[in-house]
Amino acid sequence: MKELSDIYLRYDPTQDSDKSKNVDVRVVARKALLQLLEPLAGFVLDSGLSTNELHAIFREAAVKSAAAKQLELSDRVNISGIAATTGISRADISRILKVSAKATEKIGDSQQQSTNRILAAWHEDPKFTGPNGQPAELRMYGRGATFEALAKKYGRGIPTRAVLDELIRAGAIELLSSQKIRAKASVAVERGMSARVIKAFGDRATELLSTMLLNMRNPEAAKFIANVSDASILTSALPLLRKELSSKGADFLAEVQDSLNRNPGTRVSKRKVKDLARISVTIFYHESYDKTIKQRIASKRRNFHREM
């Protein structure tokens, strides 16, 4: 196995064609960002967050990123400079920099997904809760406390049936044989979304994106990133390939760990804690398929009749 110090990958700007030099990088960046945001938007929605929350989080991230970049060159943050770079007002920038991390965890009612706002009201509004304070089982239509009344009051114009179908899809509610609807969760999130899984996603994605961004900013000191792409394989052969790559990947990471343990430079005394740099090596395998959107025939859904 090669020593870790021998593993590198450099980007040669001379490889760019003369034609590519005339392309507006912002146009390419917009396309790349759209491509990047599609899976990220899937993560946002699967986690029960809304696009309004994503927008607020992005503004905060943009301000903090610009501030961190300033601190790399000087010992102070220039709010006007951040405003010039991000297009965010100086007042908002000051607020973002002053607000604590705890305060940013609070979610405003207007920022929530409509489905989650409805579920929250179902758990909190006395009109829609039972004697025990838990969400009551609701009829779809009719007078008094019904699912339709709940959706109209807190759904902000979204059709009742659309709310129902989305909550069923997310597994947050269930239809009973008595034609009533029961709440199963207080938040609509995709199955498999747990705090541990989400944290791992954030950590690994941040490491990969930060490394790729560093390589673009400083190609002369690029970190190792390499890939094999555009390979085609029959779907029937995928299970065997996955198993083989998983085994080889595990063996490689074990070698890396062993090399780090043998390297004297990894044993640092307490006096040198400030000089520590944390490293990580991640291997991932990706599959992609044609994204042709086809018109699908929706399965027959259960109809509800209004009570007169």
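Here the structure is a predicted model, which is why all the values come from computation and not from measurement.

**Some thoughts on the pairing of strand E3 (residues 180-183)**
Phase 1 of the analysis: Only one face of E3 is covered, namely the face carrying Ile-181 and Ala-183; the face carrying Lys-180 and Arg-182 is uncovered.
Phase 2 of the analysis: Bridging between strand E1 (residues 138-139) and E3 involves two bridges; their strand directions are antiparallel. Its bridge partner lying in E3, Arg-139 is registered against Lys-180.
Phase 3 of the analysis: Across three bridges, the pairing between strand E2 (residues 173-175) and E3 is antiparallel. Residue pairing across strands places Leu-175 opposite Ile-181, the latter belonging to E3.
Phase 4 of the analysis: Counting the residues between successive antiparallel strands, the hairpin from E2 to E3 contains four residues, one of them, Gln-179, with a positive phi of roughly 60 degrees.

**A short note on the nonpolar core**
Phase 1 of the analysis: By size, the foremost hydrophobic cluster in this structure holds 20 residues, and its most contacted members are Leu-119, Trp-122, Phe-147, Leu-150, Leu-167, Ile-173 and Ile-181.
Phase 2 of the analysis: When contributions to this core are tallied by element, the ones reaching two or more residues are helix H6 (114-124), helix H7 (147-154), helix H8 (160-169) and E3.
Phase 3 of the analysis: Per-element tally for this core: the top contributor is H6, with four residues.
Phase 4 of the analysis: Discounting residues that sit within four places of it in the chain, Phe-147 has contacts with Trp-122, Leu-138, Arg-139, Met-140, Thr-160, Val-163, Leu-164, Leu-167 and Ile-181.
Phase 5 of the analysis: Counting residues in each nonpolar core, the second largest holds eight residues, with Ala-66, Ala-67, Ile-88 and Ile-96 among its members.

What counts and how
- Residues numbered from 1 in each chain as written.
- Predicted model: local features only at pLDDT ≥ 70, side-chain atom pairs only at ≥ 80, totals over all residues.
- Heavy atoms only, no water.
- Buried < 20%, exposed > 50% of the residue type's maximum accessible area, 1.4 Å probe, protein only.
- Helix = DSSP H or I, 4+ residues; strand = E, 2+ residues; numbered from the N terminus.
- Pairing = 2+ DSSP bridges.
- Core = buried A, V, L, I, M, F, W, Y, C linked by side-chain atoms within 4.5 Å.
- Contact = heavy atoms within 4.5 Å.

These figures capture arrangement, not role.
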